[in-house]
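Survey of secondary and tertiary structure
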Amino acid sequence: MNNIAISVNPCALGEGPYYEEETGELRFVDIIKREIHTVSLEEGPGSHKAVNLEDSVGITTDIEGRSGEYIVAAKRGFAVFNEATRQLTYVKTYEDEPEMAERMFNDGAVDSRGRFWGTMNEYRLSLGPDLTLHRIIESVSIPNGMGWSPDDKTIYFTDSPTRGIFAYNYDADSGEISNKRVFFQLCDKEGVPDGCTIDTEGHLWVAVHEGSRVIRISPQGEVVSQITLPAWKVTCPTFGGPDFNEFITTAGVDAGEKTPNGSRDHGNMFRA
């Protein structure tokens, strides 16, 4: 399978790929550089743009019925980003949650009832349509990718340092989770599970950080296929575009950092 880099300005920590059907653009963020990136899938790499923000952003998602604005999980809480003014307007901050002040979002997703779920060091949170903030899981090390089964009865969470992906029963009406169990465990030296997305057959597509690949895991917890990439630190996949291609973000590497022989294009966005 051919993997094509479609960004021209590599990220330090690319995350949160999101396809906006209305504009035909792919959106993603650079958490470290505090940037939101966009690229037109029709026009290609030449259309790649980046906007610098006052605060870092981990994930973005559209707001139903509103064009030119979308909601983001940012450094100080949840905010609305206006594409015309390039400004963030916070709608929910952590003023009453001082222990969260030094943390940042690094992944998340929206459930079928419109709750905006976000993950940050030690916490998994959800923001309801009424702007009520709920702590779902605490005392996890570095929570990462998440998603729901097609029947909406199971929610999956990744805890990167343990290399584990956990499944819970999910009540879509209440947003409550229960019955935690291990769904998948990546072996040592195989990399670290990072962001993920779920296809219509219920398979998880999981980015393997420091593993140069995305693996497809069946609902039974077995790896059934994979996509290999030239970049080493793969962070998050998503689906989008008229051909439903898979788009994958990666992270850059530090100067002098030892990487596998032949690895390249670190920090780019890829189309698989």
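Quick caveat, the model's predicted, so the values are computed rather than measured. The numbering scheme is per chain: residues are counted from 1 as the chain's sequence reads. The model is predicted, so local features are restricted to residues of pLDDT at least 70 and side-chain atom pairs to those at 80 or more, both for listing and for counting; the totals for chains, interfaces and linings are taken over all residues. With hydrogens and water stripped out, all remaining heavy atoms of the structure feed into the side-chain values.

**Considerations on the pattern of salt bridges**
So the rule is basically this: By definition here, a salt bridge exists when the distance from a side-chain nitrogen of Lys or Arg to a carboxyl oxygen of Asp or Glu is within 4 Å. A simple rule labels every residue: compare its accessible area, found with a 1.4 Å probe on the protein chains alone, to the largest value its type can have, and call it buried under 20%, exposed over 50%, or partly exposed in between.
Taken as a whole and judged by the stated rule, the model has twelve salt bridges. With a closest N to O distance of 3.2 Å, glutamate 20 and arginine 27 form a salt bridge. For the pair glutamate 20 and arginine 27, a shared accessibility class is recorded, and that class is buried. In this structure, the salt-bridge partner of aspartate 265 is arginine 264, at a minimum N-O distance of 2.6 Å.

**Focus on the sheet that holds strand S19 (residues 204–209)**
Formally: Note on pairing: two strands pair once DSSP finds at least 2 bridges between them. Under the DSSP-based scheme used, a helix requires at least four consecutive residues in state H or I and a strand at least two consecutive residues in state E, with every element numbered from the N terminus. In this analysis an axis means a line fitted to C-alpha atoms, helices contributing only their contacting stretch, and an angle means the value between N-to-C directions, from 0 to 180 degrees.
Across the sheet, four strands lie side by side as S18-S19-S20-S21; this open sheet has antiparallel pairing. Two strands lie at the open edges of the sheet, namely strand S18 (192–198) and strand S21 (223–228), each paired on one side alone. Going from strand to strand, the sheet's axes swing by 25° on average, the running direction of each strand aside. As paired elements, strand S20 (residues 213–217) and S21 share five bridges and run antiparallel to each other. Looking at the pairing, arginine 216 lines up with serine 225 of S21.

**Considering the sheet that holds strand S24 (residues 270–271)**
Taken in spatial order, the four strands make up an open sheet running S1-S24-S23-S22, and their pairing is antiparallel. Here the strands that pair on one side only, and so sit at the sheet edges, are strand S1 (4–5) and strand S22 (234–240). Of the strand pairs in this sheet, S22 and strand S23 (residues 245–250) are connected by six bridges, and their pairing is antiparallel. When the sheet's bridge partners are listed, cysteine 236 is paired in S23 with threonine 249.

**Focus: the state of the cysteines**
This is how the line gets drawn: To count as a disulfide, a pair of cysteine sulfur atoms needs to be within 2.5 Å.
For the coordinates displayed, the defined rule picks out zero disulfides. Its sulfur unpaired, cysteine 11 is 12 Å from the next cysteine sulfur, which belongs to cysteine 236. On the basis of relative accessibility, which here comes to 4%, the residue cysteine 11 falls in the buried class. In this structure cysteine 187 is a free cysteine whose sulfur lies 19 Å from that of cysteine 196, the closest cysteine sulfur available. By relative accessible area, which is 45% here, cysteine 187 ends up partly exposed.

**Looking at the packing of aromatic side chains**
Applicable threshold: Two aromatic rings from Phe, Tyr or Trp, using only the six-membered ring of Trp, form a pair when their centres are within 6.5 Å; if the ring planes differ by under 30 degrees the pair is stacked, by over 60 it is edge-to-face, and anything between is tilted. As a reminder, the over-ring test applies to NZ of lysine and CZ of arginine, requiring each to be within 6 Å of the ring centre and within 35 degrees of the ring normal.
Applying the stated criterion to the full structure yields eleven aromatic pairs. Between the aromatic rings of tryptophan 205 and phenylalanine 239, the centroid separation amounts to 5.7 Å while the plane-to-plane angle is 90°, which identifies the pairing as edge-to-face. With tryptophan 205 in strand S19 and phenylalanine 239 in strand S22, this residue pair connects regions lying 34 residues apart in the sequence. Judged by its relative accessible area of 13%, tryptophan 205 falls in the buried class. Overall, the relative accessible area of 16% leaves phenylalanine 239 in the buried class. Against the face of tyrosine 70 rests arginine 27, its NZ or CZ located 3.7 Å from the ring centre.

**Details of the confidence of the model for the protein chain**
Heads up, the rule is: pLDDT expresses, on a scale from 0 to 100, how confident the predictor is about each individual residue.
In this model, the protein chain carries an average pLDDT of 90, and 93% of its residues clear a pLDDT of 70 or more. Strand S12 (residues 123–127) is the least confidently modelled element of the protein chain, averaging 71 in pLDDT, while S20 averages 98, the highest of any element.

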